[in-house]
Amino acid sequence: MRIVVLNGWAASPAAWSLCRSLCGNAAARVFSYVEQMDGEPERFMDLLDSRAVVVGWSMGGSGALRLALRCPEKIGALVLVAATPRMMEERACASEELSNADGCVWRGMSERRLAALEAGLKMTKGAGFFGLPEGRPNPFMVDSEQNLARGISYLRETDLRRRLVALAASGRADFPVHVFQSLRDGIVRPENAAFLARVFPQAVVEMVEGTEHALPVTIPERIDEAILRAAGQTSFQTTDAGTSKEG
């Protein structure tokens, strides 16, 4: 089964370098956040004649949810890593079903936190900014001002909640789902996992302790297990070819 990986905002190929299920796997394709904004994953899925395991981290998690909305019949499984259908906070929601916590609010990033995220990334290139353990690769990079600004606009404007609720009601979201969410994540709030569990009641939800947002480099072994299980594999199948492609 093909494996489609959607990377996070301002993330480099190093984000997935510790995931053995992807490195050198000819069946895997990693899409950068720029490629996602350009619609490359959608075009790739349109050409597939079979189902795929779709893996998304952070902004890429939003992209993975977009693919599930666009072509649920081609989703073999979703592996959502620190994923959210709505990045920004809302003090009030239109309805309880669109909330991720009691009181009908959406717990996400404030405009101030988003600005700090952008400034911090540019200043540190991600090093030490996301609670990365010593010796682990830095999954972030500083891209062009234009690409970073496009990504910020995507994070600020995207809201998939209503469409996901409608998808769940349609009965077409019948594929396996695995959700990884850090309890300490200040970018994608832990309450997001509760919303995803409501949309996908079949989901396996793992709440991760002791780490922050960069889960692909802090818990790669657990993500590997989920990908292999979703792909129906019992061992890693790799070649000498690389899998990462960044735009």
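Okay, so let's go over this structure. (Residues numbered from 1 in each chain as written. Predicted model: local features only at pLDDT ≥ 70, side-chain atom pairs only at ≥ 80, totals over all residues. Heavy atoms only, no water.)

1. Looking at the overall build of the protein chain
The helix and strand tally for the protein chain stands at nine helices and seven strands. Its C-alpha atoms give the protein chain a radius of gyration of 17 Å, near enough to 18 Å, the size a compact globule of 247 residues would have. Projecting the C-alpha coordinates of the protein chain onto the three principal axes gives extents of approximately 50 × 45 × 35 Å. By the burial criterion, 55% of the 247 residues in the protein chain qualify as buried. Long-range pairs, those at least 24 residues apart, make up 74% of the contacts in the protein chain between residues at least 6 apart in sequence. Roughly 10500 Å² of accessible area belongs to the protein chain as shown, and the carbon and sulfur atoms make up 49% of that amount. Taken as two groups, the 28 positive and 30 negative side-chain charges of the protein chain have centres that lie 2 Å from each other. (Helix = DSSP H or I, 4+ residues; strand = E, 2+ residues; numbered from the N terminus. Rg over C-alpha atoms; globule rule 2.2 N^0.38 Å. Buried < 20%, exposed > 50% of the residue type's maximum accessible area, 1.4 Å probe, protein only. Contact = heavy atoms within 4.5 Å. Areas by Shrake-Rupley, 256 points an atom, 1.4 Å probe, with all protein chains shown as cover. Lys, Arg positive; Asp, Glu negative; His and termini not counted. Charge placed at Lys NZ, Arg CZ, Asp CG, Glu CD.)

2. A few points about the side chain of Ser21
With respect to the element layout, Ser21 can be found in the loop between strand 1 (2-6) and strand 2 (28-31). The class of Ser21 is buried, set by a relative accessible area of 3%. At 2.5 Å, the side chain of Ser21 and the side chain of Asp224 are in polar contact. (Polar contact = N/O pair within 3.5 Å; in protein donor to acceptor, adjacent residues only side chain to side chain.)

3. Focus on the pairing of strand 3 (residues 52-57)
Most of strand 3 is tucked away, with six of its six residues classed as buried. Judged by which residues are buried, strand 3 turns out to be covered on both faces: Ala52, Val54 and Gly56 on one side and Val53, Val55 and Trp57 on the other are all buried. Pairing of strand 1 with strand 3, which is carried by five bridges, proceeds in the parallel orientation. Counted as the bridge partner of Arg2 is Ala52 from strand 3. Strand direction decides the pairing type here: strand 3 and strand 4 (residues 75-81), joined by six bridges, are parallel. Bridging across to strand 4, Trp57 finds its partner in Val81. Note on the crossover from strand 3 through helix 3 (residues 59-70) to strand 4: the handedness is right-handed. (Pairing = 2+ DSSP bridges. Right-handed = clockwise from strand over helix to strand, strands pointing away.)

4. Observations regarding the packing of aromatic side chains
In total, this model carries five aromatic pairs according to the counting rule given. Pairing Trp57 with Phe140 gives two aromatic rings, centres 5.7 Å apart and planes at 55°, and the pair type is tilted. Here Phe140 lies in the loop between helix 4 (111-124) and helix 5 (145-157) and Trp57 lies in strand 3, a separation of 83 residues in the sequence. Across the pair, Phe140 and Trp57 agree in class, each one buried. Grouping aromatic residues by their ring pairs yields a cluster made of Trp16, Trp57 and Phe140. (Phe/Tyr/Trp six-rings, centres within 6.5 Å; stacked < 30°, edge-to-face > 60°.)

5. Examining a nonpolar patch on the surface
On the surface, a nonpolar cluster with roughly 220 Å² of combined accessible area is contributed by Leu183, Val205 and Met207. Counting through the fold element by element, Val205 comes out in strand 6 (residues 204-208). (Patch = residues over 30% accessible without salt bridge, like charges linked within 9 Å, V, L, I, M, F, W, Y side chains within 5 Å. Salt bridge = Lys/Arg side-chain N within 4 Å of Asp/Glu carboxyl O.)

6. Section: the pairing of strand 6
On a regular strand, one side chain projects to one face of the sheet and the next to the other, so that they alternate. One ladder, built from five bridges, connects strand 5 (residues 177-182) with strand 6; its direction is parallel. Note on strand 6: the bridge partner recorded for His178 is Val204. With respect to chirality, the unit in which strand 5 leads through helix 7 (residues 191-199) into the neighbouring parallel strand 6 is right-handed.

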